[in-house]
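Observations on chain architecture
Given next are the chains, with one letter for each unit.
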Amino acid sequence: MRHSRAKGEPRFPDGPKADPAGSHFERRIRSFQPRRSRVTAGQADALQRLWSRWGLDIDGHHVDLAELFGNDRPVVLEIGFGMGEATAQMAAAGPGTNILAVDVHTPGQGNLLNLADHNGLTNVRVANGDAIILLREMLTADALDGLRVYFPDPWPKKRHHKRRLIQPEFLDLAATRLRPGAIVHCATDWEPYAEQMLEVLTAHPRFENTQADGGFAPRPGFRPLTRFEGQGLDKGHVVNDLLFRRVPHGDR
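A brief report on the enclosed structure follows. As the structure is a prediction and not an experimental result, all values here were calculated from the model. (Residues numbered from 1 in each chain as written. Predicted model: local features only at pLDDT ≥ 70, side-chain atom pairs only at ≥ 80, totals over all residues. Heavy atoms only, no water.)

**Observations regarding the pattern of salt bridges**
Cut-off, in case you're wondering: Salt bridges are counted wherever a side-chain nitrogen of Lys or Arg sits within 4 Å of a carboxyl oxygen of Asp or Glu. Starting at the N terminus, helices and strands are each numbered in turn, a helix being any DSSP run of H or I of at least four residues and a strand any DSSP run of E of at least two. The cut-offs for exposure are 20% and 50% of the maximum accessible area for each residue type, with area from a 1.4 Å probe on protein chains only; residues under the lower value are buried, those over the upper are exposed, and the others partly exposed.
Scanning all chains against the criterion turns up eight salt bridges. We note a salt bridge from Arg136 to Glu137, for which the minimum N-O separation is 2.5 Å. With a shortest N-O distance of 2.8 Å, Arg223 and Asp241 are connected by a salt bridge. Of this pair, Arg223 sits in the loop between strand 7 (207-209) and helix 8 (227-234) while Asp241 sits in strand 8 (residues 240-246), and the two are 18 residues apart along the sequence. Exposure class is identical for Arg223 and Asp241. Each is buried. Connected through shared salt-bridge partners, Asp45, Arg49 and Asp117 make up one network.

**Structural notes on the nonpolar core**
Keep this limit in mind: By nonpolar core we mean a set of buried residues, namely Ala, Val, Leu, Ile, Met, Phe, Trp, Tyr and Cys, connected to one another through side-chain atoms within 4.5 Å. The contact criterion used throughout is that any non-hydrogen atoms of two residues lie within 4.5 Å.
Core analysis: the largest hydrophobic core is formed by 43 residues, its most contacted members being Leu65, Leu77, Leu100, Leu134, Leu147 and Phe170. Of the residues forming this core, the biggest block, six residues, is contributed by helix 5 (residues 131-138). For Leu147, the residues in contact, after removing those within four places along its chain, are Val76, Leu77, Ile79, Phe170, Ala174, Leu178, Ile183, Val184 and His185. Core analysis: the next-biggest nonpolar cluster, separate from the first, contains 23 residues, Phe12, Ala101, Leu113 and Phe151 among them.

The structure is reproduced here in C-alpha coordinates:
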(Lines give C-alpha, C1' and ligand atoms only; values in the text may rest on other atoms or scores of the structure.)
Protein backbone atom coordinates (compact mmCIF):
# COMPACT_ATOMS: atom_id res chain seq x y z
CA MET A 1 0.00 0.00 0.00
CA ARG A 2 1.42 3.34 -1.03
CA HIS A 3 2.35 5.62 1.85
CA SER A 4 0.91 9.12 1.63
CA ARG A 5 3.28 11.70 3.13
CA ALA A 6 1.89 14.30 5.46
CA LYS A 7 2.63 17.93 4.72
CA GLY A 8 6.21 18.71 5.75
CA GLU A 9 7.18 15.05 6.10
CA PRO A 10 10.56 14.39 4.40
CA ARG A 11 10.45 12.32 1.24
CA PHE A 12 13.38 10.18 2.38
CA PRO A 13 13.65 10.37 6.18
CA ASP A 14 17.10 8.76 6.16
CA GLY A 15 18.18 10.15 2.82
CA PRO A 16 19.18 13.49 1.26
CA LYS A 17 17.56 16.64 2.59
CA ALA A 18 15.29 18.61 0.31
CA ASP A 19 17.15 21.89 1.00
CA PRO A 20 20.35 21.13 2.93
CA ALA A 21 21.73 24.68 2.77
CA GLY A 22 18.48 26.51 3.40
CA SER A 23 20.12 28.75 5.97
CA HIS A 24 22.66 29.78 3.33
CA PHE A 25 20.13 31.23 0.93
CA GLU A 26 21.86 33.70 -1.39
CA ARG A 27 20.67 36.07 -4.02
CA ARG A 28 22.94 34.86 -6.79
CA ILE A 29 22.46 33.38 -10.22
CA ARG A 30 22.64 29.60 -10.12
CA SER A 31 23.98 27.34 -12.84
CA PHE A 32 21.55 24.54 -12.01
CA GLN A 33 17.87 23.97 -11.44
CA PRO A 34 16.39 21.03 -9.51
CA ARG A 35 14.81 18.45 -11.81
CA ARG A 36 11.74 16.56 -10.69
CA SER A 37 11.29 13.05 -11.98
CA ARG A 38 10.13 9.72 -10.66
CA VAL A 39 12.33 7.85 -8.20
CA THR A 40 12.23 4.09 -8.76
CA ALA A 41 11.85 1.63 -5.91
CA GLY A 42 15.51 0.60 -6.26
CA GLN A 43 16.73 4.18 -6.17
CA ALA A 44 14.56 4.97 -3.14
CA ASP A 45 15.85 1.89 -1.34
CA ALA A 46 19.46 2.91 -2.03
CA LEU A 47 18.82 6.43 -0.75
CA GLN A 48 17.31 5.09 2.46
CA ARG A 49 19.96 2.41 3.08
CA LEU A 50 23.13 4.10 1.96
CA TRP A 51 22.80 7.86 2.42
CA SER A 52 24.00 7.83 6.03
CA ARG A 53 27.14 5.99 4.91
CA TRP A 54 27.92 7.36 1.45
CA GLY A 55 25.86 10.55 1.21
CA LEU A 56 26.72 14.15 2.06
CA ASP A 57 24.26 17.01 2.37
CA ILE A 58 25.86 20.28 1.32
CA ASP A 59 24.84 22.35 4.32
CA GLY A 60 27.77 24.75 4.66
CA HIS A 61 29.58 22.91 7.45
CA HIS A 62 33.24 21.93 7.02
CA VAL A 63 33.84 18.40 5.76
CA ASP A 64 37.00 16.38 6.37
CA LEU A 65 37.54 14.43 3.15
CA ALA A 66 39.81 11.83 4.76
CA GLU A 67 37.11 11.16 7.33
CA LEU A 68 34.36 11.13 4.71
CA PHE A 69 36.14 8.47 2.62
CA GLY A 70 37.93 6.70 5.44
CA ASN A 71 41.34 7.18 3.79
CA ASP A 72 43.68 9.88 2.52
CA ARG A 73 43.66 8.97 -1.17
CA PRO A 74 43.40 11.74 -3.80
CA VAL A 75 39.91 13.19 -4.20
CA VAL A 76 38.37 14.33 -7.48
CA LEU A 77 35.22 16.46 -7.42
CA GLU A 78 32.64 15.75 -10.12
CA ILE A 79 29.93 18.37 -10.58
CA GLY A 80 26.77 17.07 -12.24
CA PHE A 81 26.81 13.32 -12.78
CA GLY A 82 23.36 12.65 -14.27
CA MET A 83 22.39 9.05 -13.55
CA GLY A 84 25.91 8.17 -12.41
CA GLU A 85 26.84 5.46 -14.94
CA ALA A 86 30.05 7.19 -16.06
CA THR A 87 30.98 8.04 -12.47
CA ALA A 88 30.61 4.41 -11.43
CA GLN A 89 32.72 3.23 -14.37
CA MET A 90 35.51 5.70 -13.54
CA ALA A 91 35.39 4.72 -9.87
CA ALA A 92 35.72 1.05 -10.81
CA ALA A 93 38.60 1.75 -13.19
CA GLY A 94 40.46 3.93 -10.66
CA PRO A 95 40.03 2.46 -7.16
CA GLY A 96 42.96 4.50 -5.87
CA THR A 97 41.08 7.76 -6.47
CA ASN A 98 38.12 8.93 -4.42
CA ILE A 99 35.25 10.60 -6.30
CA LEU A 100 33.02 13.16 -4.60
CA ALA A 101 30.08 13.42 -7.01
CA VAL A 102 27.67 16.36 -6.66
CA ASP A 103 24.19 16.67 -8.12
CA VAL A 104 20.69 17.84 -7.19
CA HIS A 105 18.84 15.14 -9.16
CA THR A 106 17.37 12.71 -6.64
CA PRO A 107 16.87 9.76 -9.04
CA GLY A 108 20.49 10.12 -10.15
CA GLN A 109 21.70 10.20 -6.54
CA GLY A 110 19.83 7.00 -5.81
CA ASN A 111 21.03 5.37 -9.02
CA LEU A 112 24.69 6.14 -8.33
CA LEU A 113 24.41 4.83 -4.77
CA ASN A 114 22.81 1.68 -6.16
CA LEU A 115 25.59 1.24 -8.72
CA ALA A 116 28.28 1.79 -6.09
CA ASP A 117 26.67 -0.74 -3.76
CA HIS A 118 26.10 -3.35 -6.48
CA ASN A 119 29.69 -3.06 -7.75
CA GLY A 120 31.40 -2.73 -4.37
CA LEU A 121 32.68 0.79 -5.10
CA THR A 122 33.78 2.20 -1.77
CA ASN A 123 35.55 5.18 -3.37
CA VAL A 124 32.37 7.08 -4.28
CA ARG A 125 30.51 9.61 -2.16
CA VAL A 126 27.36 11.36 -3.34
CA ALA A 127 26.83 15.00 -2.38
CA ASN A 128 23.45 16.69 -2.53
CA GLY A 129 23.18 20.41 -3.13
CA ASP A 130 25.03 23.46 -4.42
CA ALA A 131 28.64 22.81 -5.48
CA ILE A 132 29.52 26.48 -4.92
CA ILE A 133 28.68 26.21 -1.22
CA LEU A 134 30.67 22.98 -1.03
CA LEU A 135 33.73 24.59 -2.57
CA ARG A 136 33.51 27.90 -0.77
CA GLU A 137 32.49 26.89 2.73
CA MET A 138 33.07 23.17 3.26
CA LEU A 139 36.46 22.37 1.71
CA THR A 140 39.91 23.59 2.70
CA ALA A 141 42.58 25.03 0.42
CA ASP A 142 44.26 22.52 -1.91
CA ALA A 143 41.82 19.78 -0.82
CA LEU A 144 41.14 18.44 -4.32
CA ASP A 145 43.27 16.59 -6.86
CA GLY A 146 40.93 17.13 -9.76
CA LEU A 147 37.67 18.62 -11.00
CA ARG A 148 35.33 17.06 -13.58
CA VAL A 149 32.46 18.88 -15.25
CA TYR A 150 30.90 16.69 -17.94
CA PHE A 151 28.05 17.93 -20.11
CA PRO A 152 26.86 20.77 -17.88
CA ASP A 153 23.67 22.59 -18.78
CA PRO A 154 24.71 24.77 -21.78
CA TRP A 155 22.03 27.39 -21.12
CA PRO A 156 21.89 28.01 -24.89
CA LYS A 157 19.82 31.21 -24.90
CA LYS A 158 22.00 34.32 -24.84
CA ARG A 159 20.14 35.84 -21.90
CA HIS A 160 20.95 32.70 -19.87
CA HIS A 161 24.69 32.57 -20.60
CA LYS A 162 25.33 34.15 -17.21
CA ARG A 163 24.03 30.90 -15.67
CA ARG A 164 26.77 28.77 -17.20
CA LEU A 165 29.02 27.19 -14.58
CA ILE A 166 32.40 27.73 -16.23
CA GLN A 167 32.92 31.43 -15.61
CA PRO A 168 35.93 33.41 -14.31
CA GLU A 169 34.41 33.72 -10.83
CA PHE A 170 33.87 29.97 -10.56
CA LEU A 171 37.45 29.29 -11.65
CA ASP A 172 38.72 31.79 -9.05
CA LEU A 173 37.00 29.73 -6.36
CA ALA A 174 37.93 26.33 -7.79
CA ALA A 175 41.59 27.34 -8.01
CA THR A 176 41.74 27.84 -4.25
CA ARG A 177 40.56 24.27 -3.61
CA LEU A 178 42.65 22.50 -6.26
CA ARG A 179 46.20 21.43 -5.52
CA PRO A 180 48.92 22.59 -7.94
CA GLY A 181 49.03 20.05 -10.75
CA ALA A 182 45.36 19.11 -10.36
CA ILE A 183 43.48 18.64 -13.63
CA VAL A 184 40.25 20.40 -14.56
CA HIS A 185 38.45 18.27 -17.12
CA CYS A 186 35.38 19.63 -18.90
CA ALA A 187 33.40 18.06 -21.72
CA THR A 188 30.43 19.37 -23.68
CA ASP A 189 28.58 18.68 -26.91
CA TRP A 190 27.43 22.29 -27.19
CA GLU A 191 30.11 23.89 -29.39
CA PRO A 192 29.49 27.56 -28.46
CA TYR A 193 29.84 26.62 -24.77
CA ALA A 194 33.00 24.66 -25.55
CA GLU A 195 34.48 27.75 -27.18
CA GLN A 196 33.55 29.85 -24.16
CA MET A 197 35.08 27.29 -21.78
CA LEU A 198 38.30 27.32 -23.79
CA GLU A 199 38.43 31.10 -23.79
CA VAL A 200 37.73 31.46 -20.07
CA LEU A 201 40.14 28.71 -18.97
CA THR A 202 42.90 29.97 -21.27
CA ALA A 203 42.59 33.49 -19.88
CA HIS A 204 42.71 32.41 -16.23
CA PRO A 205 46.14 32.87 -14.61
CA ARG A 206 45.81 29.81 -12.36
CA PHE A 207 45.30 27.28 -15.17
CA GLU A 208 47.25 26.13 -18.21
CA ASN A 209 46.15 24.05 -21.16
CA THR A 210 47.65 20.56 -21.27
CA GLN A 211 47.50 20.69 -25.08
CA ALA A 212 50.56 22.17 -26.75
CA ASP A 213 48.45 23.77 -29.47
CA GLY A 214 46.24 25.50 -26.90
CA GLY A 215 43.08 23.83 -28.17
CA PHE A 216 40.72 21.03 -27.26
CA ALA A 217 41.95 17.63 -26.09
CA PRO A 218 41.13 14.20 -27.50
CA ARG A 219 38.67 12.32 -25.31
CA PRO A 220 40.87 10.63 -22.68
CA GLY A 221 40.39 6.91 -22.23
CA PHE A 222 39.36 7.30 -18.60
CA ARG A 223 36.20 9.25 -19.53
CA PRO A 224 33.59 6.66 -20.51
CA LEU A 225 31.43 7.15 -23.56
CA THR A 226 27.97 7.55 -22.03
CA ARG A 227 24.65 6.62 -23.58
CA PHE A 228 23.73 10.32 -23.68
CA GLU A 229 26.97 11.16 -25.49
CA GLY A 230 26.53 8.27 -27.92
CA GLN A 231 23.06 9.50 -28.83
CA GLY A 232 24.48 12.95 -29.51
CA LEU A 233 27.28 11.58 -31.67
CA ASP A 234 24.70 9.60 -33.66
CA LYS A 235 22.95 12.91 -34.34
CA GLY A 236 26.18 14.51 -35.54
CA HIS A 237 27.02 16.42 -32.37
CA VAL A 238 30.67 17.30 -31.81
CA VAL A 239 31.97 16.58 -28.30
CA ASN A 240 34.89 18.67 -27.07
CA ASP A 241 37.08 17.84 -24.07
CA LEU A 242 39.19 20.40 -22.24
CA LEU A 243 42.05 19.41 -19.95
CA PHE A 244 43.65 22.23 -17.96
CA ARG A 245 46.24 21.97 -15.18
CA ARG A 246 46.25 24.03 -11.99
CA VAL A 247 49.57 25.84 -12.07
CA PRO A 248 51.82 25.96 -8.95
CA HIS A 249 51.35 28.92 -6.62
CA GLY A 250 53.22 31.95 -7.87
CA ASP A 251 53.53 30.75 -11.47
CA ARG A 252 51.99 32.49 -14.45
